[in-house]
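Remarks on the overall topology
Residue strings, one per chain:
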Amino acid sequence: MLILNTLTILIQVVFVVFMSLVSMNIIRYFTSYRTMTALAPAIFVNHGGGPMPLLGDKEHEGLTIFLRDEIKKHLNLKQIKGIILVTAHWEESKVTISSGKHHDLYFDYYGFPPESYKYKYDAPGNPELAGKLKKTLDNAGIESKLDPKRGWDHGVFVPMMLINPAADIPIIQVSVLNNQDPEEHYKLGKALYEFRKEGIAILGSGMSYHNMREFRNSRNKKQVVNKEFDDFLNEVCTAENEDKRRTGLISWRSQPGADEAHPPRAAEHFMPLIVIAGAGGSAPGQRIFNWDMGGTFRLSGFIWKGL
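Calculation notes
Residues numbered from 1 in each chain as written. Predicted model: local features only at pLDDT ≥ 70, side-chain atom pairs only at ≥ 80, totals over all residues. Heavy atoms only, no water. Axes fitted to C-alpha atoms, helices over the stretch in contact; angles between N-to-C directions. Helix = DSSP H or I, 4+ residues; strand = E, 2+ residues; numbered from the N terminus. Parallel < 35°, antiparallel > 145°, perpendicular 65-115°, else oblique. Left-handed = near helix turned anticlockwise from the far one by under 90°. Contact = heavy atoms within 4.5 Å. Nonpolar A, V, L, I, M, F, W, Y, C, P; charged D, E, K, R; others polar. Buried < 20%, exposed > 50% of the residue type's maximum accessible area, 1.4 Å probe, protein only. Pairing = 2+ DSSP bridges. Core = buried A, V, L, I, M, F, W, Y, C linked by side-chain atoms within 4.5 Å. Salt bridge = Lys/Arg side-chain N within 4 Å of Asp/Glu carboxyl O. 1 Å grid on protein atoms, 1.4 Å probe; cavity = no way out; pocket = protein on both sides within 12 Å on 5 of 7 lines; lining within 4 Å. Points joined across faces, edges and corners; volume = space filled by probe spheres on them. pLDDT = per-residue confidence, 0-100.

1. Describing the packing of helix α5 (residues 182-196) against helix α10 (residues 271-278)
- Running from N to C, α5 and α10 point in directions that differ by 45°, and their axes come no closer than 6 Å. Compared by their axis directions, α5 and α10 come out oblique. As α5 packs across α10, the resulting crossing turns out to be right-handed. Here Pro182, His185, Tyr186, Leu188, Gly189, Lys190 and Leu192 of α5 lie close against α10, whose contacting residues are Met271, Ile274, Val275, Ala277 and Gly278.
- Residue classes in the contact of α5 with α10 are distributed as 8 nonpolar, 3 polar and 1 charged.

As structure tokens, this is what we get:
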């Protein structure tokens, strides 16, 4: 009887241990699955005028607050492995990719206070990721080249100094195309989508409204000058149907208010938004920023989080 009881207890212990191991493996499997399938976001941000968001400019206050504080609601810096950042301030005839281990800052603005030329942002580059990106673009039929030397322009370091002052996440800077062809930029975004599956966030840095003449001449009108075009952007970027998004953005130039928002041959600040929309996948976008600079120029930012 003692032997039988001992055997019964042993069987029960073995069973409990076995079921515990099975449960742990099941939890590990599903946790790993969720980790593998979780997408990093694709986000379009407005970077403002030169270094003004960093200088405490009152007209940029709403933008500064968003980049410094509110974007953290949408971008978990602890979960992403890197950032591919498409900047409006780098135009090339073919997509160009920063590929150095480190990139100095490129102060591509003029006439600002001396302190704005002394900024440091020492986030690392990632040559391996840059090479993988080039190969992905080549396979997608998109001409590209690597550039290990060009510095990070203010389309990169101004928003990133606010978004991630710790500078501990690798960044790959990517140019837009100087042909400003919306279809090619959307195609670029479609290729970048794949990197979201690997925990790489895709950021586009530009301006949803960018008319330099109006910035100089129509400030503080206390009347929004681009409401109709901004409404169009919100409609297409948040569309449930991806085809509607793609078709709307490719034909954006024919929309009312387009030429006023981005004058002909000067739409470089709009191209990052098209890229990010392309990287959005099949899910609709969400407007996460909507603010009137000086009460006159309406700026919108968007995120794509789902599949």
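2. Quick notes on the pairing of strand β5 (residues 171-177)
- Most of β5 is tucked away: 7 of the 7 residues are buried.
- Here strand β2 (residues 82-92) pairs with β5 via 6 bridges, running parallel. Following the sheet pairing, glutamate 91 is matched in β5 by valine 176.

3. Examining the nonpolar core
- Counting residues in hydrophobic clusters, the biggest one holds 82 residues, and the most contacted among them are Ile84, Tyr121 and Phe270.
- Per element, the largest residue contribution to this core is 7 residues, and it comes from helix α4 (residues 154-163).
- If sequence neighbours within four positions are ignored, phenylalanine 270 has contacts with Met207, Phe229, Leu233, Leu249, Trp252 and His262.

4. Overview of the environment of serine 251
- Here serine 251 shows up in the loop between α8 (242-250) and α9 (258-261).
- Spatially, the C-alpha atom of serine 251 lies 7.9 Å from that of proline 182, the residues being 69 residues apart in sequence.

5. A closer look at the pairing of strand β8 (residues 297-304)
- Of all 8 residues that make up β8, 8 are buried, and the element is covered over most of its length.
- Direction of pairing for strand β1 (residues 42-46) relative to β8: antiparallel, over a ladder of 3 bridges. By the bridge assignment for β8, phenylalanine 44 is matched with phenylalanine 302.
- Between strand β7 (residues 286-293) and β8, which pair antiparallel in sequence order, lie 3 residues; one of them, glycine 294, sits at a positive phi of approximately 60°.

6. Some points on the pattern of salt bridges
- Scanning all chains against the criterion turns up 15 salt bridges.
- Between aspartate 230 and arginine 287 there is a salt bridge, with its nearest N and O atoms 2.9 Å apart. Within this pair, whereas aspartate 230 is found in helix α7 (residues 227-237), its partner arginine 287 is found in strand β7, the two being separated by 57 residues in sequence.
- On the basis of relative accessibility, which here comes to 1%, the residue aspartate 230 falls in the buried class.
- A salt bridge links aspartate 259 to arginine 253; the shortest N-O distance between them is 2.9 Å.

7. Concerning the environment of alanine 283
- In this structure, alanine 283 sits in the loop between α10 and β7.
- Judged by its relative accessible area of 11%, alanine 283 falls in the buried class.
- For the pair alanine 283 and glutamate 242, spaced 41 residues apart in sequence, the C-alpha separation works out to 7.3 Å.

8. Describing the layout of surface pockets
- Reported here for the largest pocket is a volume of approximately 530 Å³.
- For the lining of the largest pocket, the per-class residue count stands at 9 nonpolar, 10 polar and 5 charged.

9. As for the packing of α7 against α8
- Where α7 meets α8, the axes come as close as 8 Å, and the angle between the chain directions of the two elements is 145°. Side by side, α7 and α8 meet where Phe232, Leu233, Glu235 and Val236 of the first sit next to Lys244, Arg245, Gly248 and Leu249 of the second.
- Taken together, the residues of the contact of α7 with α8 sort by class into 4 nonpolar, 1 polar and 3 charged.

10. Topic: the confidence of the model for the chain
- Scored by pLDDT, the chain has a mean of 91; 87% of the residues are at 70 or more.
- The low-confidence segment residues 29-37 (pLDDT under 50) makes 1 contact with residues lying over four places distant or belonging to another chain.

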